[in-house]
2 protein chains.
Amino acid sequence: MERQVIKVGLLGLGTVGRGVYRILIDNAESIKQRVGIELEVKKILVRSLEKNRGLDLPEGILTSNLGEIVDDPEINIVVEVLGGTNPTLDYVLEALRKGKSVVTANKDMVAEHGERLFAAAQQNNCDLLFEASVAGGIPIIRTLKQSLAANRIQEVFGIINGTTNYMLTKMTQEGSEFDDVLKEAQAQGYAESDPTADVGGFDAARKIAILSSIAFNTRVPLSRVYTEGITKISAEDIAYANELGYVIKLLGIAKSRDEGVEVRVHPTFIPKAHPLAAVGDVFNAVFVRGDAVGDTMFYGRGAGEMPTASAVVADVMDAARDLVRNVPGIIGCTCFEHRPVLEVGQTFSKYYIRLKVSDKPGVLASIALVFGNKEVSLKSVIQKEATGKTAELVLVTHRVQEQNVQDALMDIKQLSSVIEVANVIRVEGEE
Amino acid sequence: MERQVIKVGLLGLGTVGRGVYRILIDNAESIKQRVGIELEVKKILVRSLEKNRGLDLPEGILTSNLGEIVDDPEINIVVEVLGGTNPTLDYVLEALRKGKSVVTANKDMVAEHGERLFAAAQQNNCDLLFEASVAGGIPIIRTLKQSLAANRIQEVFGIINGTTNYMLTKMTQEGSEFDDVLKEAQAQGYAESDPTADVGGFDAARKIAILSSIAFNTRVPLSRVYTEGITKISAEDIAYANELGYVIKLLGIAKSRDEGVEVRVHPTFIPKAHPLAAVGDVFNAVFVRGDAVGDTMFYGRGAGEMPTASAVVADVMDAARDLVRNVPGIIGCTCFEHRPVLEVGQTFSKYYIRLKVSDKPGVLASIALVFGNKEVSLKSVIQKEATGKTAELVLVTHRVQEQNVQDALMDIKQLSSVIEVANVIRVEGEE
């Protein structure tokens, strides 16, 4: 091909968009040498042409008219960093229909509308790359699609939400309560004023839906991801975890089984010696187990202007390479299987169960009996006096099917000696 | 292109070769779906046609004649898992000259003859892929070449030799001495009967030469890698490290500075809280710092039949994709800069220095004076009585240029009160 430069259109100039623009300018020379051709941002779609962006922008590069990007035959790559799905999805579909390769950092859009997007990309013979949509700067998508492609992936699980990891790290280090740490995280800008997407696990759910779809080659709809946040985690749970040799992390977990795939997000006890246990603050890490490679882990910053932009620009470089060689779409959608997503009741785990009970003889026996009837066998029991009249009972089960635990807990709640099922947290990461 | 199958020739059927063959057979269906075409091993070069391979091999697949692979126009990809450089280098050059894409797991060959190999690959428009040559199953080459390509890489350092990491982990856990742990590692098959390549740091040196060449886009000759092994590490050093809040790891370290690049292999104190500190046993991990992405780490098994084969087969799949799309060589050699490799005297580090001294007044003062004269400032000092007449002095310096430390040590060895400079170990991984 004869072209001297590949032109890029940017949709959005928020935090990540600014980072993308900066990298394309600051590292232009090394990018050119690696791709073999120059990359130039020709147009940037923004809502307001007046707003000060804190960037030294060429005259006329900003536009509020989508057509100036998608209808410009000179622009071959469209980078979507607007976020949200409305009107973003329409913009991206329009770009694909016009034959542009698309790079996106948008986990909501990919998780919710992946099928439509990949179909449009394939139909129009375009790249649709989305490394930045999961775990920011950690190159986990390309790793699953290419580097570990020789493996049948058995498990993918990890810390894929920085806000909650920051909060749980603080709670662990300081013994503080959820509400206090949330306020602190909000003050420091690590948590949004409406923190639901993070602390409710919904952000992580989108990411594990994307990761599991790629790892297991089957589309995992977001609606099928069992999701539980960290709002119920108390300082007591953190302290018990520590006493039992664990730390609590919010994990996205995906496992391949003969019957189908398990995909879930919930707070999890993991052993202190597990590589994920040492991943603190806002860092993310994804653990992958493949049939050939065994255990691997990928660690880095899961969000932020420059780490996310690093992933976006790497995708832009791949898309540009494919355009130079005239092979866009060389690695397309890999969801060529159709496997069932299992109900959470069908999953297997160990369980930490904390109960508030009356402090009188025979209570433990009656509880143990209920678990025994539901074939839930107990690995360890801690009993502590709470006040004079109540006691706290902490149980850890052996590996057992979730449905059995749920059934047992239904019965246990009926026992007159049980005041409250204070918390139930799954235990992962050990044999 | 019209072909239905891409045929592969295997050079070698040792441990890794067997793993490659197994994955190509066992995961054939998913590999076909991911690449879009079937992969078939047509011929395998071996020395002995008679030896039992413990594999169910098709009649006639083995050959002891290289020509049956490199002269067969049906074979498009040659996988080199023979090891060594003689005659392997000639075989691989011959394959490239005949237009075959080559996948190799051979760190010796890539580190020592990379320039010739990449020139031959480029000339013949072939892929030359070598993910498995560094850190086995960890996809660090593709990560540096593609996923982090938007970054200027500032540092790459990591645990890239499993044998020494196993030994240092044992020494740390058990307080045992080097010689005892080496015998144990040899008995368990983790160390060779001649362990020099591993414990002398030479294996790690090859790998960091390859990694730094890719990270900094400049060819780093193996001869320019400063290399120090772990044979001098004693149980005492391990104990002092622990007391000071560190663990000892054999690291390959590469840093980019304005003046050039630093590339070295040596035992290193790293803080217990550093992500690399928790990487135990035979596991490898590579830490990468980029200007945009910040800190990242990649963890997994650095050797072994299946992890290494996982990396080889991923490369075979990439080569096959490129052949299907008729774009072999899409990501070629990236050494487009020519940067000096700095002398070890020009590097900067903190230093742990253990001295055996006479136990009499004024010794510390005289030693401190020498360091002061050479502008080496001390961060901490531990003094311990050894026997009645001698004492042990453990110093940790602030960050300082290596040459100053070496100069100071020359003078210190001359002091009558200094019996021995027992060990000097660099400290990395903290600001």
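Residues numbered from 1 in each chain as written. Chains lettered and ligands numbered in written order. Predicted model: local features only at pLDDT ≥ 70, side-chain atom pairs only at ≥ 80, totals over all residues. Heavy atoms only, no water.

Draft legend 1. Inspection of the overall build of chain A at higher detail. Scanning chain A for helices and strands turns up 14 helices and 17 strands. A compact globule built from 431 residues should have a C-alpha radius of gyration of about 22 Å, and chain A, at 24 Å, falls within 12% of that. The principal-axis extents of the C-alpha atoms in chain A amount to approximately 85 × 45 × 35 Å. Looking at the 431 residues of chain A, the share that counts as buried comes to 60%. Within chain A, contacts between residues at least 6 apart in sequence are counted, and of these 74% link residues at least 24 apart. When the accessible surface of chain A is split by element, carbon and sulfur atoms take 46% of a total near 16,800 Å². (Helix = DSSP H or I, 4+ residues; strand = E, 2+ residues; numbered from the N terminus. Rg over C-alpha atoms; globule rule 2.2 N^0.38 Å. Buried < 20%, exposed > 50% of the residue type's maximum accessible area, 1.4 Å probe, protein only. Contact = heavy atoms within 4.5 Å. Areas by Shrake-Rupley, 256 points an atom, 1.4 Å probe, with all protein chains shown as cover.)

Draft legend 2. Quick peek at the packing of aromatic side chains. All names here are of chain A. What the rule picks out here adds up to 13 aromatic pairs over all chains. Taking the centre distance of 4.5 Å and the plane angle of 55 degrees together, the rings of Tyr-166 and Tyr-190 count as tilted. Taken together, the residues Tyr-166 in helix H7 (residues 162-174) and Tyr-190 in the loop between helix H8 (178-187) and helix H9 (196-199) connect sequence positions 24 residues apart. According to the relative accessible area criterion, Tyr-166 is buried, its value standing at 5%. (Phe/Tyr/Trp six-rings, centres within 6.5 Å; stacked < 30°, edge-to-face > 60°.)

Draft legend 3. Looking closely at the UniProt feature "active site" (unreviewed entry) in chain A. All names here are of chain A. Within this numbering scheme, the UniProt entry marks Lys-207 as carrying the feature "active site" (unreviewed entry). Setting aside chain neighbours within four positions, we find Lys-207 in contact with Lys-107, Ser-133, Val-134, Ala-135, Ile-160 and Asn-161. Within the structure, Lys-207 has its side chain in polar contact with the backbone oxygen of Ile-160 (distance 2.7 Å). (UniProt positions renumbered as here; feature names shortened; annotations may be inferred. Polar contact = N/O pair within 3.5 Å; in protein donor to acceptor, adjacent residues only side chain to side chain.)

Draft legend 4. Looking closely at the domain arrangement of chain A. Residue and element names in this part refer to chain A. Entries for chain A in the domain assignment read domain 1 (5-136 + 305-324), domain 2 (140-301) and domain 3 (347-427). Computed from C-alpha coordinates alone, the two centres of domain 2 and domain 3 are separated by 25 Å. The partner domain 3 presents 19 residues to the 19 residues of domain 2 that form the contact. Each partner contributes to the roughly 1,700 Å² buried at the junction of domain 2 and domain 3, and carbon and sulfur atoms together form 50% of this total. Among the residues of domain 2 in contact with domain 3, Tyr-240, Leu-244 and Phe-269 are the three that bury the most area, contributing 33% of the side total. Across the pair Asp-237 and Arg-354 runs a salt bridge, and its minimum N-O distance is 2.7 Å. (Domains from an automatic or database assignment. Buried area = accessible area lost by both parts, 1.4 Å probe. Salt bridge = Lys/Arg side-chain N within 4 Å of Asp/Glu carboxyl O.)

Draft legend 5. Fine view of the pattern of salt bridges. Residue and element names in this part refer to chain B. With the rule as written, the count across this model stands at 76 salt bridges over all chains. Note that Lys-170 and Glu-184 form a salt bridge whose closest N and O atoms lie 3.4 Å from each other. Note that Lys-170 is positioned in helix H7 (residues 162-174) and Glu-184 in helix H8 (residues 178-187), a separation of 14 residues in sequence. A residue is classified by how much of its surface remains accessible, and Lys-170, at 18% relative accessible area, is buried.

Draft legend 6. Layout of the UniProt feature "binding site: NADPH" (unreviewed entry) in chain A. All names here are of chain A. As recorded in UniProt, the feature "binding site: NADPH" (unreviewed entry) lies at Lys-107. Since its relative accessible area comes to 21%, Lys-107 is described here as partly exposed. Setting aside anything within four residues of it in sequence, one finds Lys-107 in contact with Ser-133, Asp-203, Arg-206, Lys-207 and Ile-210.

Draft legend 7. Spatial organisation of the relation of the copies chain B and chain A. Overlaying chain B with chain A gives an RMSD of 0.0 Å, the required rotation being 180 degrees about an axis along which the chain moves by 0.0 Å. Such a combination of rotation and displacement between the chain copies is what one expects of a two-fold axis. Of the C-alpha atoms belonging to chain B, the one lying closest to the rotation axis is found on Phe-298 of chain B, 2.4 Å away. A share of 100% of interface residues in chain B that are also interface residues in chain A marks the association as one of identical surfaces. (Least-squares fit on C-alpha atoms with pLDDT ≥ 70 in both.)

Draft legend 8. Highlighting the interface of chain B and chain A. Listed per partner, the contact involves 49 residues of chain B and 49 residues of chain A. Between chain B and chain A the total buried area reaches about 4,400 Å² when both faces are included, carbon and sulfur atoms providing 54% of it. Put simply, chain B and chain A have zero salt bridges between them. The element contributing the most residues to the side of chain B that touches chain A is helix H12 (residues 305-324) of chain B, with nine residues.

Draft legend 9. The arrangement of the nonpolar core in detail. By size, the foremost hydrophobic cluster in this structure holds 157 residues, and its most contacted members are Ile-140 and Leu-211 of chain A together with Ile-140 and Leu-211 of chain B. Broken down by element, the residue count for this core peaks at nine residues, all from helix H10 (residues 202-216) of chain B. Ile-140 of chain A has contacts with Glu-131, Val-134, Ala-135, Leu-211, Val-286, Val-288 and Phe-298 of chain A, leaving out every residue within four places of it along the chain. (Core = buried A, V, L, I, M, F, W, Y, C linked by side-chain atoms within 4.5 Å.)

Draft legend 10. Structural view of unusual backbone geometry. At the junction of Asn-86 of chain A and Pro-87 of chain A, the peptide bond is cis and its omega measures out at 10 degrees in the coordinates. Position of Pro-87 of chain A among the secondary structure elements: in the loop between strand E4 (75-80) and helix H4 (88-97). Residues other than glycine seldom take positive phi values, yet Ala-135 of chain B does so here, at roughly 60 degrees. Within the element layout of this structure, Ala-135 of chain B appears in the loop between strand E6 (128-129) and helix H6 (140-147). Look at Asp-281 of chain B: it is not a glycine, yet its phi comes out positive at around 55 degrees. Among the structural elements, Asp-281 of chain B can be located in the loop between strand E10 (260-271) and strand E11 (283-290).

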